[in-house]
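# Chains, contacts and geometry: an overview
For reference, the chains in residue letters:
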Amino acid sequence: MTLQGIKTLVKESLSNAKAWLSSNNKGYAHLMSAPVSFFQICRNCLKRCLSYYRQSQWYKKILLSIATFILFFLLYLVMVDINFLWLFGKSPSMSMIKNPQQSEASFIYTADGKPFGKYFRENRTPVEYEEISPLLIKTLICTEDERFYEHFGVDLKGVFSAIKDMTQGKARGASTITQQLVKNMFKVRSQYSRGLLGYIPGVKLLIMKSKEWITAVKIEMRYSKKEILTMYLNTVDFGSNAYGIKTACKTYFKSTPKDITIEQSATLVGLLKATTTYNPRVNPKNSLKRRNVVLDNLFSHRLITAAELDSLKLIPIRLNYSVESNYDGEALYFREAVAESLKEWCKENNIDLYSDGLRIYTTLDSRMQKYAEMAVDKQMRIVQNNFNNHWGRENPWQDESHKEIVNFIEDIAKGTLAYKALHSKYPNQPDSVTFYLNKPHRLKVFDYKVGVKDTTFSTMDSIRYMERFMHTGFVSIEPQTGFIKAWVGDINFETWKYDKVLSKRQPGSTFKLFVYATALNKGLAPCDTRVDQYIAWDVMDKGEMKKWTPRNANGVYTGENLTLKAAFARSINTIAVQLAKEFGVEEVIKTAYAMGIKTPLNAIPSVSLGSSDVSLLELVNAYCTVINDGMTHDPILVTRVEDHEGKVLFEHKPVQTEAIPYETAFLMTQMLRAGLTEYNATSQNLWSYDIFRDGTEFGGKTGTSSNHSDAWFVGVSPNLVGGAWVGGEHRSVHFRTGKLGEGSKTALPIFGYFMEQVLKDDNLSKYRAKFPKPKQKIEKSYDCQSHRPANDSIDGLEGDSLLLDNDIDAIEENDSILL
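A brief look at the structure comes next. All residue numbers refer to positions counted from 1 along the written sequence of the respective chain. Restriction of local features to residues with pLDDT of at least 70 applies here, the model being predicted, together with a cutoff of 80 or more for giving and counting side-chain atom pairs; totals for whole chains, interfaces and linings are based on all residues. To get the side-chain values, take all heavy atoms of the structure and skip hydrogens and water.

## Comments concerning the overall build of the protein chain
- Summing up its helical and strand segments, the protein chain has 30 helices and 22 strands in all.
- Here's how the labels work: a residue is buried when its accessible area is under 20% of the maximum for its type, exposed when over 50%, partly exposed in between, all with a 1.4 Å probe on protein chains only. Residues classed as buried in the protein chain amount to 55% of the 819 residues present.
- Entry remark: accessible area of the protein chain is about 37700 Å², with carbon and sulfur atoms responsible for 53%. Per the convention used, a helix needs a DSSP run of H or I reaching at least four residues, while a strand needs a run of E reaching at least two, with both numbered from the N terminus. Note on areas: Shrake-Rupley, 1.4 Å probe, and residue coverage restricted to the protein chains presented here.

## What to know about the nonpolar core
- Counting 141 residues, the largest nonpolar core has I360, F474, W487, F514, Y516 and F754 as its most contacted members.
- What makes two residues a contact is simply this: any of their non-hydrogen atoms within 4.5 Å. Setting aside its immediate chain neighbours within four residues, F754 contacts M368, Y371, A372, A375, F474, S476, A486 and L720.
- For our purposes a nonpolar core is just a set of buried Ala, Val, Leu, Ile, Met, Phe, Trp, Tyr and Cys residues, chained together by side-chain atoms within 4.5 Å. With 34 residues, the next largest nonpolar core counts I141, V182, A242 and F253 among its residues.

## So, the environment of T277
- Mapped onto the secondary structure, T277 falls in the loop between helix 12 (262-271) and helix 13 (284-300).
- On the basis of relative accessible area, T277 is assigned to the partly exposed category, the value being 36%.
- Separated by ten residues in sequence, T277 and S287 have C-alpha atoms that sit 7.6 Å apart.
- Setting aside chain neighbours within four positions, we find T277 in contact with N283 and N286.

## Quick look at the side chain of T230
- Among the secondary structure elements, T230 is positioned in helix 10 (residues 225-235).
- Residues adjacent in sequence count toward polar contacts only when both atoms are side-chain atoms; beyond that, a polar contact is any pair of N or O atoms within 3.5 Å, and within protein one must be able to donate a hydrogen and the other to accept it. A polar atom in the side chain of T230 sits 2.8 Å from the backbone oxygen of K226.
- When neighbours within four sequence positions are excluded, T230 is seen to be in contact with V127, E128 and Y129.

## Here we look at a nonpolar patch on the surface
- Residues qualify for a patch when their relative accessible area is over 30% and they have no salt bridge, like charges being joined within 9 Å and the nonpolar side chains of Val, Leu, Ile, Met, Phe, Trp and Tyr within 5 Å. For salt bridges, the criterion is a side-chain nitrogen of Lys or Arg within 4 Å of an Asp or Glu carboxyl oxygen. Among the surface-exposed residues, I62, L63, I66, F69 and I70 lie close enough to one another that they form a single nonpolar patch of about 450 Å² accessible area.
- Looking at the element boundaries, L63 is found in helix 4 (residues 58-82).
- Residue L63 is classed as partly exposed on the basis of its relative accessible area, which comes to 38%.

## So, unusual backbone geometry
- Here S240, not a glycine, exhibits a phi torsion of approximately 55°, which is positive.
- Counting through the fold element by element, S240 comes out in the loop between helix 10 and helix 11 (245-253).
- The phi dihedral of D694 is positive, around 55°, even though this residue is not glycine.
- Within the secondary structure, D694 is located in the loop between helix 26 (662-677) and strand 19 (699-704).
- Note on D694: relative accessible area 60%, which makes it exposed.

## Side note on the environment of P396
- Here P396 is to be found in the loop between helix 16 (366-391) and helix 17 (408-413).
- Taking C-alpha positions, P396 is 9.8 Å from G728, a pair spaced 332 residues apart along the chain.

## Examining the state of the cysteines
- Two cysteine sulfurs form a disulfide in these notes if their separation is within 2.5 Å. For the coordinates displayed, the defined rule picks out one disulfide.
- Note that C527 is cross-linked by a disulfide to C784, the S-S spacing being 2.1 Å. Taking the torsion about the S-S bond as the criterion, the C527 to C784 disulfide, at about -105°, is left-handed. Separated by 257 residues along the polypeptide, C527 in the loop between helix 21 (512-521) and strand 9 (529-531) and C784 in the loop between helix 29 (748-760) and strand 22 (803-804) bring together distant segments of the chain.

## Section: the sheet that holds strand 20 (residues 710-717)
- One open sheet accounts for five strands, arranged 7-6-21-20-19; its pairing is antiparallel. Both edges of this open sheet fall to strand 7 (484-488) and strand 19, since each of them pairs with a single strand only. Taken pair by pair, the neighbouring strands of this sheet meet at an average axis angle of 10°, ignoring direction.
- Along the sheet, helix 26 makes contact with strand 19 and strand 20, crossing strand 19 at roughly 75°. Pairing between strands is defined by DSSP: at least two bridges between them are needed. Helix axes are fitted to C-alpha atoms over the stretch in contact, other axes to C-alpha atoms as well, and angles between N-to-C directions run from 0 to 180 degrees.

## Side note on the packing of aromatic side chains
- Working definition: rings of Phe, Tyr and Trp (its six-membered ring) pair if their centres are within 6.5 Å, and the pair is stacked with planes under 30 degrees apart, edge-to-face with planes over 60 apart, and tilted otherwise. Summed over all chains, the structure comprises 34 aromatic pairs.
- Pairing F446 with W496 gives two aromatic rings, centres 5.6 Å apart and planes at 65°, and the pair type is edge-to-face. One end of the pair, F446, is in strand 4 (residues 441-447); the other, W496, is in the loop between strand 7 and strand 8 (504-505), and 50 residues separate them in sequence. For the residue pair F446 and W496, the accessibility class agrees, reading buried in each case.
- Judged by centre distance (6.2 Å) and plane angle (45°), the ring pair of Y448 and F469 falls under tilted. On the criterion of sequence distance, the pair formed by Y448 in the loop between strand 4 and strand 5 (451-457) and F469 in the loop between helix 20 (459-466) and strand 6 (470-477) is long-range, its members being 21 residues apart. Across the pair, F469 and Y448 agree in class, each one buried.
- Grouped by ring-pair contacts, the aromatic residues F446, Y448, F457, Y465, F469 and W496 constitute a single cluster.

## Comments concerning helix 10
- Most of helix 10 is tucked away, with nine of its eleven residues classed as buried.
- Tucked inside the fold, the buried residues of helix 10 contact helix 6 (134-144), helix 8 (177-186), helix 9 (203-222) and helix 11.

## A short note on the pattern of salt bridges
- In total, this model carries 34 salt bridges according to the counting rule given.
- R442 serves as the salt-bridge partner of D454, at 3.1 Å between the closest nitrogen and oxygen. With a gap of twelve residues between them, D454 in strand 5 and R442 in strand 4 connect regions that are remote in the sequence.
- Residue class for D454 comes out partly exposed when judged on its relative accessible area of 48%.
- Linked by salt bridges that have partners in common, R505, D613, D710 and R731 make up one network.

## Remarks on the packing of helix 6 against helix 12
- Interaxial distance between helix 6 and helix 12 falls to 9 Å at its minimum, and their mutual angle equals 40°. Considering their axes alone, helix 6 and helix 12 lie oblique with respect to each other. The element helix 6 and its partner helix 12 pack so that their crossing is right-handed. From helix 6, L135, L136, T139, L140, T143 and E144 reach across to helix 12, where they touch I262, S265, A266 and V269.
- Side-chain classes are defined by residue name, with Ala, Val, Leu, Ile, Met, Phe, Trp, Tyr, Cys and Pro counting as nonpolar, Asp, Glu, Lys and Arg as charged, and the others, Gly among them, as polar. Classifying every residue of the contact of helix 6 with helix 12 gives six nonpolar, three polar and one charged. Angular relationships are summarised with four words: roughly parallel below 35 degrees, roughly antiparallel beyond 145, roughly perpendicular across 65 to 115, and oblique for the angles in between. For any pair of crossing helices, the crossing counts as left-handed if the nearer helix is rotated counterclockwise from the farther one by less than a right angle, and right-handed if it is rotated clockwise.

## Some remarks on helix 21
- The element helix 21 is largely enclosed, with a buried count of nine among its ten residues.
- Buried residues of helix 21: K512, L513, F514, V515, Y516, A517, T518, A519 and L520, and no others.
- Where helix 21 is buried, its residues contact helix 22 (564-570), helix 23 (573-583), helix 24 (585-595), helix 25 (616-627) and helix 26.
- Residue G523 follows helix 21 closely and has a positive phi angle near 115°.

## What to know about the pairing of strand 2 (residues 115-119)
- When you tally the buried positions in strand 2, you get four out of five residues, the bulk of the element.
- Pairing analysis gives four bridges linking strand 1 (residues 106-109) to strand 2, with the strands arranged antiparallel. Paired with I108 across the bridge in strand 2 is G117.
- Taken together, strand 1 and the strand that follows it, strand 2, pair antiparallel across an intervening segment of five residues, in which G113 is found at a positive phi of about 85°.

## As for the pairing of strand 11 (residues 544-548)
- Both strand 10 (residues 537-541) and strand 11 contribute to a ladder of five bridges, which runs antiparallel. Pairing of W537 across the sheet is with W548, part of strand 11.
- Hairpin geometry of strand 10 and strand 11 is characterised by an intervening segment of two residues between the two adjacent antiparallel strands and by a positive phi of about 55° at K542.

In short, the description is geometric, and any link to function would need to be established separately.
Listed below in structure tokens is the structure:
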């Protein structure tokens with residue numbers, strides 16, 4: 001066999017290997033089924049080479065050995081790629097290379113088109129090649145892979161140089177940009193199985209490196225050099241939770257890949273060698289040295305002049321550093337609610353909200369959200385100041401007898417992570433646990449003056465401090481569409497992530513909406529009358545019949561014969577209970593469910609006064625049912641979801657059903673409006689706000705649970721409904737007087753301040769409207785107006801409180817309120 005014959009066989013083998021790499025990786029069976037398989041060629045070549053080897057001169061033997069090594073190495077690579085006999089583990093297929101899956105942040109947008117947050121595990125936002133500065137690309141190539149445009153994915157010259165340096169004790173890497181892309185995109189060293197041979201010490205690294213070589217060659221065959229560079233810069237980790245060049249530019253310099261400067265490019269490229277060691281924030285001295293090495297590379301490749309090099313080296317690293325998290329941006333409570341609302345849809349469609357690069361379009365309006373946050377902040381500062389002055393140095397966690405609750409703070413502490421960790425560390429050593437719980441340490445707490453502040457508190461003192469804060473929730477919904485336009489879950493998301501729009505509390509008199517809607521459904525009219533008088537209700541408690549006797553908020557039975565319209569507007573408890581008793585608690589609960597309440601309600605008499613917990617969101621949505629002519633729908637947070645290429649994956653389709661007849665809805669609207677017009681009505685404080693522009697009309701209902709633990713207000717207008725709740729984190733933390741703690745004093749102003757700003761905004765003029773005239777003939781009388789009695793002596797007392805002769809908190813334990 002001649003030397004030319006050996007060359008021919010090697011060339012033929014290489015050609016078959018290349019053909020196999022282009023064959024979509026069909027595997028071992030595909031190769032063996034070919035007319036003349038790759039393995040047959042290798043076997044024949046080996047036989048002929050061995051025969052010739054015995055007859056050859058020494059230099060020919062060397063060449064033959066090299067050729068044989070190449071053949072065996074190619075055979076080895078093929079076996080690795082097809083996972084021959086499960087020895088090597090799986091490798092990325094050509095299909096995966098053609099359609100790489102890369103973690104990408106999902107963006108969330110307001111209804112007026114503004115991005116206001118992201119969902120991500122790896123904070124990555126891809127860019128196109130044209131969006132990247134050419135100098136940044138040249139800096140990368142000069143530093144990481146100077147022969148990038150010459151090799152086919154594996155730099156053989158670099159490999160041999162690395163081997164040579166290693167023999168001299170100068171270990172260095174030889175990975176190309178393409179190989180690094182393989183590690184970033186496919187993570188062959190962690191996400192793919194290592195096979196049987198991978199358990200042998202030292203062999204695993206060889207197999208993983210082989211997979212990188214093979215996949216790098218496949219990538220070079222599939223993509224252009226520009227595409228490879230773009231993919232690399234979009235996938236590489238720059239540290240500080242910055243994945244991809246766009247996020248890195250924003251994180252370190254508040255810049256973009258297009259506008260980044262030479263020295264900034266050198267800094268970012270330099271830290272790729274070790275994202276912690278050369279991180280400009282963590283190790284600024286190391287980063288500066290590394291940056292200057294990169295600049296030297298630019299000079300040696302004649303990309304900058306000596307003068308430019310000297311000038312650039314004198315520039316210090318100026319960071320504009322800000323690490324982005326899932327909790328950056330606006331409307332954080334709403335964003336958490338959106339994520340929760342999409343959870344089931346994502347599961348059903350095999351979609352990952354945090355890595356699939358979705359574009360989520362919501363119902364939220366950025367302007368209205370801003371106005372809602374302003375309103376909450378303004379009113380809650382007032383509420384908190386009143387609360388602090390009201391209690392002074394006295395602890396506010398007290399029972400109905402106004403005695404401090406024993407071990408209140410201690411019981412809360414037992415639920416903290418700090419207590420659990422100490423209890424685990426010091427079992428059966430309560431003194432040690434108590435000592436460390438009372439030991440001061442640095443921590444962050446909320447403060448209205450500075451937001452979140454760093455201070456020194458013990459765990460126990462921090463609980464005492466935080467329990468003195470009053471909390472709130474506010475949500476606004478378009479009644480015709482169900483679109484949520486504003487959502488504020490509490491006073492500070494960083495400190496209190498528990499969303500008060502979704503939390504369940506006693507709604508007090510706001511629940512009377514369902515009592516009166518039931519009465520209208522059953523044939524009564526707003527102008528029908530009932531007497532404000534003592535009423536008792538027999539209830540069964542633990543097998544014994546007892547009486548339940550509710551009282552009005554002011555403790556007085558007037559004996560007046562009041563219209564239902566006036567009784568609702570004044571929030572007369574006795575008449576609401578009479579109606580519930582007349583038509584049945586079960587019917588009231590049925591109406592509440594139909595109108596939008598989802599939380600299970602207790603079928604007990606006191607439910608008519610709002611003793612059964614509901615959320616602010618479902619309550620406001622139920623009020624929307626009235627304004628929407630009796631039609632109900634679920635609250636809508638998301639209108640459309642697209643993938644990163646713009647393909648629509650989900651689109652909201654309106655669905656609504658009739659909850660109450662149109663006539664009932666119209667009449668309840670008139671009764672809500674009476675909250676502003678009836679004598680001694682509980683919502684008259686709305687008149688003090690500048691919200692009646694262009695004749696805009698309003699209605700509303702206040703609510704306050706027993707002991708003023710929960711204060712509510714739901715305001716309605718023709719095109720917008722909003723509701724607020726105000727109260728302590730725990731029910732035992734509250735105001736002691738209605739003058740400070742009722743819904744009209746604490747919750748109503750949030751709605752008032754919010755609507756002032758909304759109606760001032762000419763871009764939101766669609767919310768300036770009057771209630772429409774009836775669409776059909778209304779048979780029941782509703783145009784009746786009560787007047788102030790001549791002997792009235794209780795003017796100014798409001799009746800929106802749930803006051804009972806018995807402890808309201810007993811409902812939770814006994815499902816009843818007993819005399």
